[in-house]
Amino acid sequence: MSLLTLKDATIRFGGLVAVNKVNFEIETGDLFGLIGPNGAGKTTCFNLITGVYTPTSGHILFNGRPIGGTPPNKIAKLGICRTFQNIRLFGALSCLENVMVGAYLRHRTGLWTALSDIPPAIKETRALKEEAMRLLEVVNLEDVANARSADLSYGSQRRLEIARAMATQPKLLLLDEPAAGMNPQEKAELMETVRRIRDDHQKTVLLIEHDMRFVMGLCEKIVVLDHGEEIASGPPDAIRNDPKVIAAYLGEAV
């Protein structure tokens, strides 16, 4: 059974069909890419999967369970978490505190209780800090654990968002343009980080990215959207040489 399945997933906004009968399956352990030119429907697919939008028609299954229209907070508890195109960190909080916020989803102690002096809360907060620090090490930010997230470089803020998403203990991690704004060295380091997340932490990863070198070097399976419709799917080599994909990106006739 696939971890995530989209069957004819469609969403309309009035007369506009933003995503039209998209079909793909993601298996546990996949490094899966969703690509396409601007306006292709990639982020809309993410919003369908994470409950921001409800499909107009079609089905979305997670571990065989229909999740179309499930609220985002319940989607997160089921084991799907995401990052965003626009960074959404708590700028006044430290890196460590930002990751701890993500970890509260999986802990019994509420945020305000954790700030109290009740012994069980103190114990759990200590465990949260240790867990958050381990995740900062995964994304190579342990040296800035106590720095304000707003003071980090753009690339480091991107990696911090990944650590915070990892803190929810997702089965499926959705990364929306994780390499945006990074220089070549940062992108290479991020590529290795995402591989470690899959290999060492047994996470399945679905990502959107415009940097084709990044996608082709990282993802093992790729689906291409154009104007809300799937135009190609397969391994990187097949996608790279597909005439429909070339036309969609370069504007050439097929």
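Predicted model only: the values in this text are computed from it and were never measured.

Each value, and the rule that gives it
- Residues numbered from 1 in each chain as written.
- Predicted model: local features only at pLDDT ≥ 70, side-chain atom pairs only at ≥ 80, totals over all residues.
- Heavy atoms only, no water.
- Core = buried A, V, L, I, M, F, W, Y, C linked by side-chain atoms within 4.5 Å.
- Buried < 20%, exposed > 50% of the residue type's maximum accessible area, 1.4 Å probe, protein only.
- Disulfide = S-S within 2.5 Å.
- Helix = DSSP H or I, 4+ residues; strand = E, 2+ residues; numbered from the N terminus.
- Contact = heavy atoms within 4.5 Å.
- Phe/Tyr/Trp six-rings, centres within 6.5 Å; stacked < 30°, edge-to-face > 60°.
- Lys NZ or Arg CZ within 6 Å of the ring centre and 35° of its normal.

Participant: A description of the nonpolar core should follow, citing residues and the corresponding values.
Facilitator: The biggest cluster of nonpolar side chains holds 45 residues, and the ones touching the most others in it are Val99, Leu136, Leu160, Ile162, Leu207, Ile222 and Ile239. Listed in part, the 28 residues of the second largest apolar core include Leu6, Leu48, Val223 and Leu225.

Participant: For the state of the cysteines, give the residues involved together with the corresponding values.
Facilitator: The final tally for this structure, using the stated rule, is zero disulfides. The thiol of Cys81 is not disulfide-bonded; the next cysteine sulfur, from Cys95, is found 17 Å away. The structure places no disulfide on Cys219, whose sulfur is separated from the nearest cysteine sulfur, that of Cys45, by 15 Å.

Participant: Account for the environment of Pro37, with residues named and values stated.
Facilitator: Of note, Pro37 is situated in the loop between strand 3 (31-35) and helix 1 (42-49). Taking the C-alpha atoms as reference points, Pro37 and Val245, separated by 208 residues in sequence, lie 9.5 Å from one another. What Pro37 contacts, discounting residues up to four positions off in sequence, is Lys42, His210, Leu225, Asp226, Ala248 and Tyr249.

Participant: Describe in detail the side chain of Thr193, supporting the description with residues and values.
Facilitator: Looking at the secondary structure, you find Thr193 in helix 7 (residues 184-199). Apart from residues lying up to four places away in sequence, Thr193 is in contact with Val138, Val139 and Asn140.

Participant: For the packing of aromatic side chains, give the residues involved together with the corresponding values.
Facilitator: To describe a pair of aromatic rings, you give the distance between the ring centres and the angle between the ring planes. As enumerated under the stated definition, the model contains two aromatic pairs in all. Taken together, a centroid distance of 5.2 Å and an interplanar angle of 70° make the contact between Phe13 and Tyr53 edge-to-face. Placement of Phe13 in strand 1 (residues 4-13) and of Tyr53 in the loop between helix 1 and strand 4 (57-62) is noted, with a sequence separation of 40 residues between them. For Phe13, a relative accessible area of 38% translates into the label partly exposed. Tyr53 gets classed as partly exposed once you look at its relative accessible area, which sits at 27%. Directly above the ring of Phe84 sits Arg88, whose terminal nitrogen or CZ lies 4.0 Å from the centroid.

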